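Notes for the structure review
The residues making up each chain are set out below.
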Amino acid sequence: RLTPVGTFMTGGKTPRTSESMWFSQPRDDHDEVVASVRSALLDAVLMPSQFAESLQVTRYEEGGFYNLHYDFSQPAMVRNQPIKYPHGPVERSATLVVYLTEGFEGGETVFPRVRAPGSGG
């Protein structure tokens, strides 16, 4: 079930407006569809399953956003929520974004520090 995402306020601004859910491991890995999707995504990023987080699904309504952010967990937050983060802080070596919507206008994902191929840097 999708629920509103809690995030840290930064500079008095809401960093994100969305709803998310996580598929819990190993419970949801027994579902054939979840296991198949997870396997295909891990193959796409060449990552062994023991190093991967659970799958996350996020929904943004019209006008929703997620401001620029670092894609890792904050140690203080993790220490205060050991049930949600049983393995401690996450330093993500890969993030795979899959869009499940078609026929929409607007919206973008930007990686401001990644140089496009052939951009000379």
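Here, every reference points to the structure presented above.
Computed from a predicted model, the values in this text were never measured in an experiment. (Residues numbered from 1 in each chain as written. Predicted model: local features only at pLDDT ≥ 70, side-chain atom pairs only at ≥ 80, totals over all residues. Heavy atoms only, no water.)

Here we come to the overall build of the chain. Tallying secondary structure elements over the chain gives 2 helices and 5 strands in all. Start at the N end of the chain and walk to the C end: the helices and strands fall as β-β-β-α-β-β-α. By the burial criterion, 15% of the 121 residues in the chain qualify as buried. Put simply, of all contacts in the chain between residues at least 6 apart along the chain, 53% involve residues at least 24 apart. (Helix = DSSP H or I, 4+ residues; strand = E, 2+ residues; numbered from the N terminus. Buried < 20%, exposed > 50% of the residue type's maximum accessible area, 1.4 Å probe, protein only. Contact = heavy atoms within 4.5 Å.)

Below, the discussion takes up unusual backbone geometry. Even without a glycine there, the phi angle at Leu-46 is positive, about 55 degrees. As for its position among the elements, Leu-46 is in the loop between α1 (32-44) and β4 (56-59).

Attention now goes to the pattern of salt bridges. Here the structure, examined in full by the defined rule, presents 2 salt bridges. The partner of Glu-19 in a salt bridge is Arg-59, with the nearest N and O atoms 2.3 Å apart. Residue Glu-19 is found in strand β3 (residues 19-22), and its partner Arg-59 is found in strand β4; the two are separated by 40 residues along the sequence. Judged by its relative accessible area of 23%, Glu-19 is partly exposed. (Salt bridge = Lys/Arg side-chain N within 4 Å of Asp/Glu carboxyl O.)

Turning our eyes to something else, we now look at α1. Side chains of residues three or four places apart in an α-helix project in the same direction, reflecting 3.6 residues per turn. The first and last C-alpha atoms of α1 sit 18 Å apart over 13 residues, in line with the 18 Å expected at 1.5 Å per residue. A side-chain oxygen of the first residue of α1 lies 2.9 Å from the backbone nitrogen of Val-33; this N-cap is Asp-31. Where α1 terminates, the next one or two residues include Leu-46, which has phi positive at roughly 55 degrees. (Expected span 1.5 Å × (residues − 1). Polar contact = N/O pair within 3.5 Å; in protein donor to acceptor, adjacent residues only side chain to side chain.)

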